Structures are given as structure tokens and as C-alpha cells.
Amino acid sequence: MDAAQEANNREIFRQTVVNTLERRLFYVPSFKIYRGVAGLYDYGPPGCAVKANVLAFWRQHFVLEENMLEVDCPCVTPEIVLKASGHVDKFTDLMVKDEKTGTCYRADHLLKDYCKEKLEKDTAINGEKSAELKHVLAVLDDLSAEELGDKLKAYGITAPETKNALSDPYPFNLMFQTSIGPSGLSPGYMRPETAQGIFVNFKDLYYYNGNKLPFAAAQIGQAFRNEISPRQGLLRVREFTLAEIEHFVDPDDKSHPKFAEVANLEFLMFPREDQVSGRAARRIPIGEAVSQGIVNNETLGFFIGRVYLFLTELGIDKDRLRFRQHLANEMAHYAADCWDAEIECSYGWIECVGIADRSAYDLRAHTDKSGTALVAHEKYSEPREVEKLVITPVKKELGLAFKGIQKMVVEALEAMDEKEAMEMKETLETKGEAEFKVCTLDKVVTIKNNMVSISKEKKKEHQRVFTPSVIEPSFGIGRIIYCLYEHSFYTRPSKDGDEQLNVFRFPPLVAPIKCTVFPLVQNQKYEEVARTIAKSLTAVGISNKIDITGNSIGKRYARTDELGVPLAITVDSTSSVTIRERDSKQQIRVNVDEVPSVIKEVTDGASTWADVLWRYPTHSS
């Protein structure tokens, strides 16, 4: 099958899924009667139930099993907090405008769409041009505003709807700005992530945890990003739910006591060396990835393994899930290692979970801005003589040399690790000046020996005071749910073979309704039994739906299959009923008083359908 046919099939499949989701009210565009707003969606009853089930399992799998400290912080965040974190200055995408209508587009998306369309649909494209476009896609995230503008012009890319000329790309901050209080003097933003609320509470959480490391804090909440041109349904929206974990750990000891529990898990991994050399993702045991240094440390590896288990237990296809390591140009200068859990759907490989070792950057940034020391302590049994690295920038000389960028140069010098600092000291002593890359500016500057003092001092210490590192798994819940919808969807012929019926094969864990209850025919005695069963199911916490409409049983089954309901109870007598399993369509006969325990057993995961199938007589419809 050629690329164009494959792309067309993906589009047809996606439309079938989305049409079903919207028709059955899993989600719909917000404010639809007012023509809607791009990037905003409402979850309907089944969508809310799926989301609630996913979040409940997330809490069980991470917060409860790992004894995490859960917090809930405000969505409105003062400007000073996001200034310290770097969001005010750097949380931007490059934007272009239609020069006549003023419509805005993300510049990199236009270039990406052009390259992908050419590669998929242009049959006349030669090998050289194909290689060039693939290279553009590979370096897309690296392009500066100027380089991106040059590419758009070189390929003659115009506004998609009007074909008008586009402006040069320029940065657009993605945060929604607001003011706190009526005076307008206290600027704030709707938070673009939930993590900052955890960082600013570190001191209190550390105390709550008995002043001990490691520990993890977790938060589920709404985040907001004013996307330039939202698209791809639930995958790129302006308001969304994040579930984030900040695991605080000693930077000198990133081992994990439970790593052995996940070490033998084997799944698709895509290390940066494989990406650069053009190799495909391959299955690697996570224990091997850590021991070989592919993954930086055990704690990061432990969370990668736990994320794999979480996603596959939800119903994500393990063959369409991979963990891709960030390339060097994608990583922030302070990060030790970063991996994305990417799920393949009709839109391609989609980043759904980011798992990053962010080192000590966030706590240091808030310590510097707030003046509150966000540090941990390790008490020594006896005083120790230690050698401390002391980096003292000479701000007067740096100010004369660098003027407007002095602050960033100072911060970069102070953030040097010991190896880098001692190499600079040696170069300054021998040559009088040294080249130094300031990552926040993405440029190399020349540091002279009168601009900084670097030394080591011996001191006696009774305790070690240090800024913890943080390992951060961050989950985009809407993206995970959309990929789950696609991975769970299939069609099958009706009994007569005259139409294709839609089915969502949700595991009971996430199914919006666990079972339905149908009287076979409209009959008062059967309806009373159905209501009694429904009441008993509700009493043991099983979500259910009773359907006493006069439709044929086949149509009622089809309706609930389309909602992903795993089990259906049909009342065809007053003493016993049949229970039907959605995917196999097999049925068993069970006494009325046993129904709640059998349903609970299967939907709670204590038994599989195969386990109960042999215990009860089968029923043929």
C-alpha cells in the first residue's frame, strides 16, 4: 500500500472514530450552539466516566502504591512564580499571520504539514528532494525564527485557507494572562502546568515527610495554553487535564529501592543514538537500558517502567507504544535525561507522557527568586572536612562587558558543575580567557579572567545541605484518553451481515458503564427483576444502565457495545438471567441472587471472563 492510500485509510478510520465519539456524547466541541471555539471541548456522560476511571486508576497506580503526597493548587498563578520558572520569558511558539486577514498559524506546523503532504502524496518527488524534506522534519524543532521564515519562503508556503502571503515568524507567549484583584496591579496567568504549585510548596512537603528524601508529590488539575492554531481534536487543546508527579531525590543517589520490580519489563525504546543513525525503535529490558547508561538512572528507569504498566493496563496497545529519548537539541540545558511515552494513533506518534530528570533547576530558580531556601539536609554522625566549589562572578566587569545579558551570564556561571568550572579555571589561568556557552541565550560568550573567580575551599561541616533533583513524569490525560479510544475501536458485521457495527473494547477498568440490564421483552415481572438487579449492582458500586425500551435485544446490545460496556444482563425469567460478554458475545446463565458478585468479580479484575465462563452453564441466544 502506498503512502497516499495509507494516509487516506487513517483519515477514514479517524473520522469513523470521531463521529462515533461525538454522536454518543463522549465529547463535543464546547459552545457548539455559538459555533464553538477552537481548542475547547466538553466531555459528555460517557467521556466523563472514562476520564474519572482513568484518573482513579492513576491515583491507585501511582499515588497510593508509591505513597505520594497529593496536593491541589490554584489554577491562577502570580506572575512572579512563572517569571522564576522561566515561563514568562520563554514559554513561546513561533507564529505567522495571514497578511490580509490577520489569521494566525503556528509556523512550524505549516512547514511540517507541507513536508508531510509532499512526502505522502507527491508521486513525482525525487530521492534528493525526499531526503531534503525528511531532514527538515528531523531538525524542525531546532530552526530559529529566521531559518523557519526562510524555509516558508523557499517552499512558497502561504496561508492555508486564503493562499495569502504570510508575515515573518515571531514568538507568541502561550499563557493566558489575567490580573488578580480589582486594581489590576497584580498580574497573573492561568497556569500552563501544575508542577510549579508543587515546587513552591517543597519546604512544607519536605517537613510533612519528616525531613526525609526521597519523596514524591502529585497533582491532578487543569492547565491552560493559548495555542496559536489548535487542531487534532483532544490532542491539542487550550484547556486540559494534567496529572503530574515531582519525585524529589538526592542528586548523588538516584537509585530506587523498587527498581527490581520493573527491571525485567521489555518494551519498545527509541534511544537518541538510534534516532540519529536512522535505526528503528527496538525492544529493550528497562534494567538493561539503565545498566548500559541508555537511561540515566534507576529512578528515571523505575518511572518509565511504571508508566508502561499504567498505559498498557488502561488498554493501550503495547505494540503501538514506545519510549523516545529526547535528542540533545530538545533537552533543556539543566536536564540530565528526558523520555517521552509516545502512542501511535491515526495522527502518527503522539507524546502523551513526559518523564524527565530535571536536576535541581526548578527548586534553585524558586530559591533565587523568593529568597526561601528550598533545600534538603543530610546530618553527619561526625563533622566532615569537605572541599567546596566557590564560583564568584565579578558583576561589575560582567556588566561592562555584557550589559543587557549580564544576569543570564551570571546565572549560567553560577550553575556550572565542578568539572566545567575547573576546566574554565585552568583555561583562564593559561590563556586569560575562555569560551563559554550560555544555554539560556543559545550563544557562546568570551569570559576573561577578571570576570569570575573559581576556587575550592576546605570547610568542616556537620551536615550536608543540598538542593534535591527532581524526576518528573507528566501525563496529558486528554491525549491518553483519545489514543485509548482509537486503540479500543473496531467494527464487526451485524447478525444479518447488512451493516458494520461499532465497538469499543474498553477494559472493565475504564469502561464508562460496567454493565447494562435488559428485560428480554416488555413484561412487568421481568422489569421488576431488572430494577432489583440494577439496585443491587449500584449498592456494590458497579455503574450500570437499565434499558426497558421495546427495541430488539440485538439493537440494545449494539447500542451498549458502541459505548464500550463490557457486560450485558438479559432478564428472560424471574429466577435466572443471562450475562453476555461484549467482545466474544458469549453468554452464561446465572441465578439472580449471584449476579452482583459475578459482575463485580469480573469488573474489579479479580477474575477474567474466561474464569467465570467454565463455572456457569453457557447460553445460546
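In what follows, the structure referred to is the one given above.
Reading the values: the criteria
- Residues numbered from 1 in each chain as written.
- Predicted model: local features only at pLDDT ≥ 70, side-chain atom pairs only at ≥ 80, totals over all residues.
- Heavy atoms only, no water.
- Helix = DSSP H or I, 4+ residues; strand = E, 2+ residues; numbered from the N terminus.
- Buried < 20%, exposed > 50% of the residue type's maximum accessible area, 1.4 Å probe, protein only.
- Contact = heavy atoms within 4.5 Å.
- Pairing = 2+ DSSP bridges.
- Axes fitted to C-alpha atoms, helices over the stretch in contact; angles between N-to-C directions.
- Core = buried A, V, L, I, M, F, W, Y, C linked by side-chain atoms within 4.5 Å.
- Expected span 1.5 Å × (residues − 1).
- Arc of directions from axis to C-beta.
- Polar contact = N/O pair within 3.5 Å; in protein donor to acceptor, adjacent residues only side chain to side chain.
- Phe/Tyr/Trp six-rings, centres within 6.5 Å; stacked < 30°, edge-to-face > 60°.
- Lys NZ or Arg CZ within 6 Å of the ring centre and 35° of its normal.
- Left-handed = near helix turned anticlockwise from the far one by under 90°.
- Nonpolar A, V, L, I, M, F, W, Y, C, P; charged D, E, K, R; others polar.

Trainee: Is there a simple way to explain the overall build of the protein in this structure?
Mentor: A count of helices and strands for the protein gives 21 helices and 28 strands. Seen along its three principal axes, the alpha-carbon backbone of the protein occupies a region of about 95 × 70 × 55 Å. Per-residue burial for the protein yields a buried fraction of 48% across its 621 residues. Contacts spanning at least 24 positions in sequence make up 67% of the contacts within the protein whose residues lie at least 6 apart.

Trainee: What's the story with unusual backbone geometry in this structure? I'm lost.
Mentor: For residues other than glycine, phi is negative in most cases, and the peptide bonds are mostly trans. At the junction of L213 and P214, the peptide bond is cis and its omega measures out at -5° in the coordinates. With a phi close to 65°, K163 is a non-glycine residue in the positive phi region. When you line up the elements, K163 lands in the loop between α7 (145-154) and β7 (170-173). Even without being glycine, N211 reaches a positive phi, approximately 55°. Within the fold, N211 resides in the loop between α9 (202-208) and β10 (215-224). For N211, a relative accessible area of 41% translates into the label partly exposed.

Trainee: Quick question: what am I supposed to make of the side chain of T570 here?
Mentor: Summarising the element assignment, T570 is placed in strand β26 (residues 567-571). Under the relative-accessibility criterion, T570 is labelled buried at 4%. Not counting residues up to four positions away in its chain, the partners in contact with T570 are F518, L520, I553, Y557, V577 and T578.

Trainee: Looking at this model, I keep getting lost on the environment of I245. Mind explaining?
Mentor: Tracing the backbone shows I245 in strand β11 (residues 239-249). According to the relative accessible area criterion, I245 is buried, its value standing at 0%. With 129 residues separating them along the chain, I245 and K116 place their C-alpha atoms 35 Å apart. The contact partners of I245, leaving out residues within four places of it in the chain, are W58, F62, M68, A216, A217, A218, I471, E472, P473 and F475.

Trainee: Explanation requested: the sheet that holds strand β27 (residues 576-581) in the structure shown.
Mentor: Backbone-to-backbone hydrogen bonds join strands into a sheet, with any given pair of strands oriented parallel or antiparallel. Spatial ordering of the open sheet is given by β25-β24-β26-β27-β28, a layout of five strands whose pairing is mixed. One side of each edge strand has no neighbouring strand; the edge strands of this open sheet are β25 (544-546) and β28 (587-591). Neighbour-to-neighbour, the strand axes of this sheet turn through a mean angle of 25°, independent of strand direction. With five bridges joining them, β26 and β27 adopt antiparallel strand pairing. Considered in β27, the bridge of T570 is made with T578. On top of the sheet, helix α18 (residues 524-539) reaches β24 (515-519), β25, β26 and β27; it is set at about 165° to β24, its chief contact.

Trainee: Just checking my understanding: could you explain the nonpolar core for this structure?
Mentor: In a soluble, globular protein the nonpolar side chains are often hidden away together inside. W58, I286, F310, L311, F323 and F475 are the most contacted members of the largest nonpolar core, which has 70 residues in total. If one sorts the elements of this core by residue count, helix α12 (residues 298-314) sits on top with nine residues. Discounting residues that sit within four places of it in the chain, F475 has contacts with W58, F62, T241, L242, A243, I245, V307, F310, C352, V353 and I480.

Trainee: How do you make sense of α18 when you look at a structure like this?
Mentor: Every α-helical turn comprises 3.6 residues, leaving residues that sit three or four positions apart pointing alike. Between the first and last C-alpha of α18 there are 23 Å, a value that for 16 residues agrees with the 22 Å anticipated at 1.5 Å per step. Those residues of α18 lying buried are Y526, E527, V529, A530, I533, A534 and L537. Here the buried residues of α18 occupy an arc of 160° about the axis, which is enough to place them on one side. Exposed residues on α18 whose side chains face more than 90 degrees from its buried face are Q524, K525, T532, K535, T538 and A539. Taken together, the buried residues of α18 touch β24, β25, β26, β27 and α20 (595-603). Between the side-chain oxygen of the N-cap and the backbone nitrogen of K525 there are 2.8 Å, and the N-cap of α18 in question is N523. Just past α18, the residue G541 takes up positive phi, approximately 80°.

Trainee: Sorry if this is basic, but what is going on with the packing of aromatic side chains here?
Mentor: Two numbers describe a pair of aromatic rings. These are the distance of the centres and the angle of the planes. The full count for this structure, using the stated rule, is 27 aromatic pairs. Judged by centre distance (5.4 Å) and plane angle (10°), the ring pair of F57 and F310 falls under stacked. Here F310 lies in helix α12 and F57 lies in helix α2 (residues 45-64), a separation of 253 residues in the sequence. As far as burial versus exposure is concerned, F57 and F310 are alike and both buried. Plain terms: the ring middles of Y347 and Y482 are 6.1 Å apart, the flat faces sit at 50° to each other, and that makes the pair tilted. In this pair, Y347 is assigned in the loop between β15 (337-345) and β16 (348-357) and Y482 in helix α17 (residues 477-488), connecting sequence segments 135 residues apart. One aromatic cluster in this structure is built from F13, F26, Y485, F489, F504 and F506. The ring of W349 carries the charged tip of R322 above its face, separated from the ring centre by 4.2 Å.

Trainee: Even after reading the chapter, I still don't get the packing of α2 against α12, so can you show me in this structure?
Mentor: When two helices pack together, you describe them by how their axes are tilted relative to each other and by the distance separating the axes. Between α2 and α12, whose axes approach to 11 Å, the crossing angle comes to 145°. Two packed elements cross with a definite hand, and for α2 against α12 that hand is right-handed. Contacts between α2 and α12 involve V54, F57, W58, H61 and F62 from the first element and R306, V307, L309, F310, E313 and L314 from the second. Its residues assigned to classes, the contact of α2 with α12 comprises eight nonpolar, one polar and two charged.

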